[in-house]
Amino acid sequence: MAMLYDEKNDHVKQVSKVGIIGAGISGIAAAKQLSKHNPVVLEATEFIGGVWKHCSYSCTKLQTPRCDFEFSDFPWPDRDNTTFPTHIQVLDYLYSYAKHFDVLKCIKFNSKVVEIRYAGLDRTGTLLNNESNNQMCGEYGKLLNGHPVWEVAVRDTSNQSNGAVQWYGFEFLVICIGKYGDMPRMENTNNGEFSAFSGKVLHSIEYSKLDKEAAHSLLNGKKVAVIGYKKSAIDLAMECVQANQGCEGEACTMVIRTLHWIVPSYWIWGLPFFLFYSTRSSQFLHQTPNQTLFKTFLCLLFSPLRRGISKFIEQYLLWKLPLVKYGLKPDHPFEEDYASCQMAILPENFFEEADKGKLKFKKASKWGFWSGGIEFEDKTRLEVDVVLLATGYDGKKKLQSIFPHPFKSLLLDSNGIMPLYRGTIHPLIPNMAFVGYIESVSNLQTAELRCKWLSRLADEKFKLPPVKKMLEQINEELEIMKRSTRFHKRHCISTFSINHSDEICKEMGINPWRKTNWFWEAFSPYSSQDYYDENE
């Protein structure tokens with residue numbers, strides 16, 4: 001790594017070709033695929049793993065079978081095990097991967113990014129040249145062009161440091177800090193409401209930092225309300241239940257604003273779940289970007305079948321789970337939750353605990369605090385000692401907090417979504433990539449394939465389309481998401497993930513059809529193993 005004195009900004013910076021911010025799943029995947037460029041990975045903590053390390057609880061498990069959550073060239077040692085791995089097992093797998101491919105040597109731990117600057121700006125934040133303007137209407141340009149494009153300020157967060165800041169210069173910067181963690185989204189917790197409550201209020205990220213003894217002490221014998229109904233909220237509710245076993249234990253109440261479909265396993269009426277949404281034949285029923293008129297006609301023709309599949313699954317869930325009994329039946333179709341990556345797998349004994357009275361549910365669109373707990377819009381009150389907020393994270397705000405003008409205003413479109421070509425490149429932001437900002441059934445598989453694509457792009461093995469074409473492609477994908485689900489802002493590609501991967505393979509110059517014969521191509525699911533390339 002070279003050293004360079006920057007007279008304009010009056011600081012010494014270390015210069016490297018590739019910088020990667022974050023050492024979660026996306027960060028270590030990017031580091032491995034870009035290893036030939038000796039990347040520098042900046043990780044704010046002293047651990048890899050991202051949310052699996054910093055936003056997990058003792059009962060947190062993987063939501064997909066392990067064979068669907070693995071790197072293409074590093075299978076799980078027991079990949080056919082049908083149990084869901086715990087977060088500890090996931091972390092062990094990620095560490096094993098990083099050690100096996102010598103990724104750890106690239107990582108600078110305790111290195112928190114506090115500011116990003118574009119080298120083409122003057123002190124007032126004005127562009128020094130028309131490079132960005134030209135990009136908006138022309139070609140994107142090379143990822144590696146021989147000189148630093150981004151300057152990154154990094155604060156040392158180790159105990160030995162006084163918060164010293166070191167500057168780095170990179171030709172190409174990969175953002176892998178993700179949408180989750182670090183910046184909690186707080187709901188109905190302004191100073192007036194919050195101060196009225198005499199109990200404790202913790203966001204899920206604060207709870208995840210507690211050790212096992214402290215977490216048990218917080219919940220044991222306490223009346224607890226968990227705000228939310230997605231995976232984190234369900235895990236938190238089970239933590240409360242486990243801490244309050246026995247006749248002395250108190251019940252936990254889940255306060256739910258929006259209901260979503262929950263699934264007990266990946267089997268529906270005795271059929272594997274992948275048959276309904278994760279094969280070429282099943283995804284053929286759904287709209288895809290840039291589809292032909294004939295495909296559009298077929299999608300319209302088969303729309304009753306698509307709705308029928310959703311109903312088929314809904315009927316199974318209503319038969320298998322006491323959703324009606326507890327008022328937990330969503331008003332929207334199941335396929336809308338699948339299309340927005342919001343389908344949650346239930347922990348064991350979830351409804352058994354509800355039947356024993358240890359778990360209760362309250363549907364409410366608005367709520368606030370009073371001295372003894374939570375007050376709802378119908379003026380009813382819930383007396384609680386502890387409130388746990390599983391209200392999510394504001395990853396976009398986290399990203400905007402370190403981004404420079406004028407690019408900060410370009411990060412999100414009018415719908416509040418990051419416009420990313422192939423889920424990776426923002427057409428209006430030069431020499432930068434984003435990994436981990438689109439969702440799918442397997443975020444690890446999605447991240448790894450896009451990092452392979454990114455590596456080939458950096459090596460100039462193919463060229464990006466003109467900026468206008470990339471923006472058109474992005475808008476087409478967003479329109480598909482809008483037509484598929486009311487929750488489209490989650491930026492999920494689950495209903496056309498195979499098509500999305502096909503397009504990436506075509507650009508990389510490899511065959512998108514990865515199976516050994518037409519039958520498996522049509523009726524078996526795609527996994528990371530299908531994209532393994534022994535020549536890499």
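About the criteria used
- Residues numbered from 1 in each chain as written.
- Predicted model: local features only at pLDDT ≥ 70, side-chain atom pairs only at ≥ 80, totals over all residues.
- Heavy atoms only, no water.
- Disulfide = S-S within 2.5 Å.
- Helix = DSSP H or I, 4+ residues; strand = E, 2+ residues; numbered from the N terminus.
- Buried < 20%, exposed > 50% of the residue type's maximum accessible area, 1.4 Å probe, protein only.
- Phe/Tyr/Trp six-rings, centres within 6.5 Å; stacked < 30°, edge-to-face > 60°.
- Lys NZ or Arg CZ within 6 Å of the ring centre and 35° of its normal.
- Pairing = 2+ DSSP bridges.
- Axes fitted to C-alpha atoms, helices over the stretch in contact; angles between N-to-C directions.
- Contact = heavy atoms within 4.5 Å.
- Domains from an automatic or database assignment.
- Buried area = accessible area lost by both parts, 1.4 Å probe.
- Salt bridge = Lys/Arg side-chain N within 4 Å of Asp/Glu carboxyl O.
- Polar contact = N/O pair within 3.5 Å; in protein donor to acceptor, adjacent residues only side chain to side chain.
- Nonpolar A, V, L, I, M, F, W, Y, C, P; charged D, E, K, R; others polar.
- Expected span 1.5 Å × (residues − 1).
- Core = buried A, V, L, I, M, F, W, Y, C linked by side-chain atoms within 4.5 Å.
- Patch = residues over 30% accessible without salt bridge, like charges linked within 9 Å, V, L, I, M, F, W, Y side chains within 5 Å.
- Areas by Shrake-Rupley, 256 points an atom, 1.4 Å probe, with all protein chains shown as cover.
- Parallel < 35°, antiparallel > 145°, perpendicular 65-115°, else oblique.
- Arc of directions from axis to C-beta.

Asks: In this structure, what is going on with the state of the cysteines? I would like to understand it.
Replies: Where two cysteines share a covalent bond between their sulfur atoms, that bond is called a disulfide. Applying the stated criterion across every chain yields a total of one disulfide. There is a disulfide in this structure between C341 and C492, and the S-S distance comes to 1.9 Å. The disulfide joining C341 to C492 has a torsion of about 65° about its S-S bond and is therefore right-handed. Of this pair, C341 sits in the loop between α13 (334-339) and β14 (344-345) while C492 sits in the loop between α17 (467-484) and α18 (497-508), and the two are 151 residues apart along the sequence. Using a relative accessible area of 18% as the deciding quantity, one classes C341 as buried. With no disulfide partner, C176 has as its closest neighbouring cysteine sulfur the one in C451, 6.1 Å distant.

Asks: What exactly am I supposed to notice about the packing of aromatic side chains here?
Replies: The relation between two aromatic rings is expressed through the spacing of the ring centres and the mutual angle of the planes. Tallied over the entire structure, the rule returns 42 aromatic pairs. Between F74 and Y97 the ring centres are 5.8 Å apart and the planes differ by 75°, which places this aromatic pair in the edge-to-face class. With F74 in the loop between α2 (51-54) and α3 (87-100) and Y97 in helix α3, the pair connects residues that are 23 residues apart, well separated along the chain. Assigned by exposure class, F74 and Y97 land together as buried. With a centroid separation of 5.9 Å and an interplanar angle of 70°, the aromatic rings of Y266 and F273 are classed as edge-to-face. Each member of the aromatic cluster is reached from another via a ring pair, and the members are F84, Y266, W269, F273, F276, Y277, F312, Y316, W319, F334 and Y338. Positioned above the aromatic ring of F284, the side-chain terminus of K295 is 5.0 Å from the ring centre. Here R381 stacks its cationic end above the ring of W370, 4.4 Å away from the centre of that ring.

Asks: Could you clarify how one ought to interpret the pairing of strand β17 (residues 373-376) in this entry?
Replies: Here is the key point about a regular strand: its side chains alternate between the two faces of the sheet. As paired elements, strand β16 (residues 367-370) and β17 share four bridges and run antiparallel to each other. Residue pairing across strands places F369 opposite I374, the latter belonging to β17. What sits between the antiparallel neighbours β16 and β17 is a turn of two residues. With three bridges joining them, β17 and strand β18 (residues 381-383) adopt antiparallel strand pairing. Bridge pairing links G373 to E383 in β18. The turn linking β17 back onto β18 is made up of four residues, and K379 within it adopts a positive phi angle of 75°.

Asks: Explanation requested: the sheet that holds strand β10 (residues 252-256) in the structure shown.
Replies: What holds strands together in a sheet is hydrogen bonding between their backbones, with the strands either parallel or antiparallel. Overall, parallel pairing links the five strands, which are arranged β8-β19-β9-β10-β15 in an open sheet. Each edge of the open sheet carries a strand with a single partner, namely β8 (200-203) and β15 (359-363). Each neighbouring strand pair of the sheet contributes to a mean axis angle of 20°, computed without reference to strand direction. Alignment of β8 against strand β19 (residues 386-389), held across four bridges, turns out to be parallel. When the bridges of β19 are listed, K200 appears paired with V386. In this fold helix α7 (residues 212-219) packs onto β8, β9 (224-227) and β19, with an angle of close to 125° to the strand it touches most, β19.

Asks: Can you walk me through the domain arrangement of the protein chain in this structure?
Replies: How big an interface is tends to be stated in terms of the accessible area lost upon association of its parts. Segmentation of the protein chain into domains returns domain 1 (14-182 + 394-531) and domain 2 (194-264 + 321-389). Both sides together, the interface formed by domain 1 and domain 2 hides about 2,000 Å², and carbon and sulfur atoms give 56% of it. By the criterion of area lost to domain 2, the three top residues of domain 1 are Y57, Q63 and F487, representing 35% of everything that side buries. The tally of links between domain 1 and domain 2 comes to one salt bridge. At the junction of domain 1 with domain 2, the criterion picks out nine residue pairs in polar contact (both at pLDDT 80 or more). Class assignment of the residues belonging to the side of domain 1 that touches domain 2 gives a composition of seven nonpolar, eleven polar and five charged.

Asks: Please clarify how the side chain of T424 should be interpreted in this entry.
Replies: With respect to the secondary-structure elements, T424 resides in the loop between α15 (395-400) and β20 (432-434). Separated by 3.0 Å, the side chain of T424 and the backbone oxygen of R422 make a polar contact.

Asks: Sorry, what's going on with the environment of G181 here?
Replies: Along the polypeptide, G181 turns up in the loop between β7 (165-175) and α5 (191-196). G181 sits in the buried class, given a relative accessible area of 3%. Not counting the four nearest positions on each side in its chain, G181 is found in contact with V51, C55, I205, Y393 and K398.

Asks: I would appreciate a short explanation of helix α16 (residues 443-458) in the present structure.
Replies: Residues lying three or four places apart along an α-helix face the same way, a consequence of the helix completing one turn every 3.6 residues. For α16, spanning 16 residues, the distance from its first C-alpha to its last is 22 Å, which sits close to the expected 22 Å at 1.5 Å a residue. Positive backbone phi, at 60°, marks E460, one or two positions downstream of α16.

Asks: Teacher, can you tell me more about the nonpolar core here?
Replies: Where a protein is soluble and globular, its nonpolar side chains tend to be buried together. If you look at the biggest cluster of nonpolar residues, it comprises 63 residues, and the most contacted ones within it are V174, I425 and W453. Those elements giving two or more residues to this core turn out to be β2 (11-21), α1 (25-33), α3, β7, α16, α17 and α18. For this core, the leading source of residues is α16, giving eight residues. When sequence neighbours within four positions are dropped, the list of residues in contact with I425 reads Y140, L143, P419, L420, M432, A433, W453, L454, L457 and L464.

Asks: In this structure, what is going on with a nonpolar patch on the surface? I would like to understand it.
Replies: Residues W269, L271, F274, L275, F312 and W319 make up a contiguous nonpolar surface patch of about 570 Å² in total accessible area. Secondary structure elements with two or more residues in the nonpolar patch: α9 (274-277) and α12 (303-320). By secondary structure assignment, the location of L275 is in helix α9. On the basis of relative accessible area, L275 is assigned to the partly exposed category, the value being 35%.

Asks: Which parts of the structure should I look at to understand the packing of helix α11 (residues 293-301) against α12?
Replies: A pair of packed helices can be characterised by two numbers: the angle between their axes and the separation between those axes. Packing of α11 against α12 leaves a shortest axis separation of 4 Å and a crossing angle of 50°. If you check the angle between α11 and α12, you find them oblique. From α11, C299, L300 and L301 reach across to α12, where they touch S303, P304 and R306. Split into classes, the residues belonging to the contact of α11 with α12 amount to four nonpolar, one polar and one charged.

Asks: How should α17 be read in this particular structure?
Replies: With 18 residues, α17 ought to run about 26 Å at 1.5 Å a step, and its terminal C-alpha atoms sit 26 Å apart, in line with that. Here α17 has its buried residues at V467, M470, Q473, I474, E477, L478, I480 and M481. Down the axis of α17, the sector holding all buried residues measures 155°, keeping them to one side. Turned more than 90 degrees away from the buried face of α17, the exposed residues are K468 and K469.

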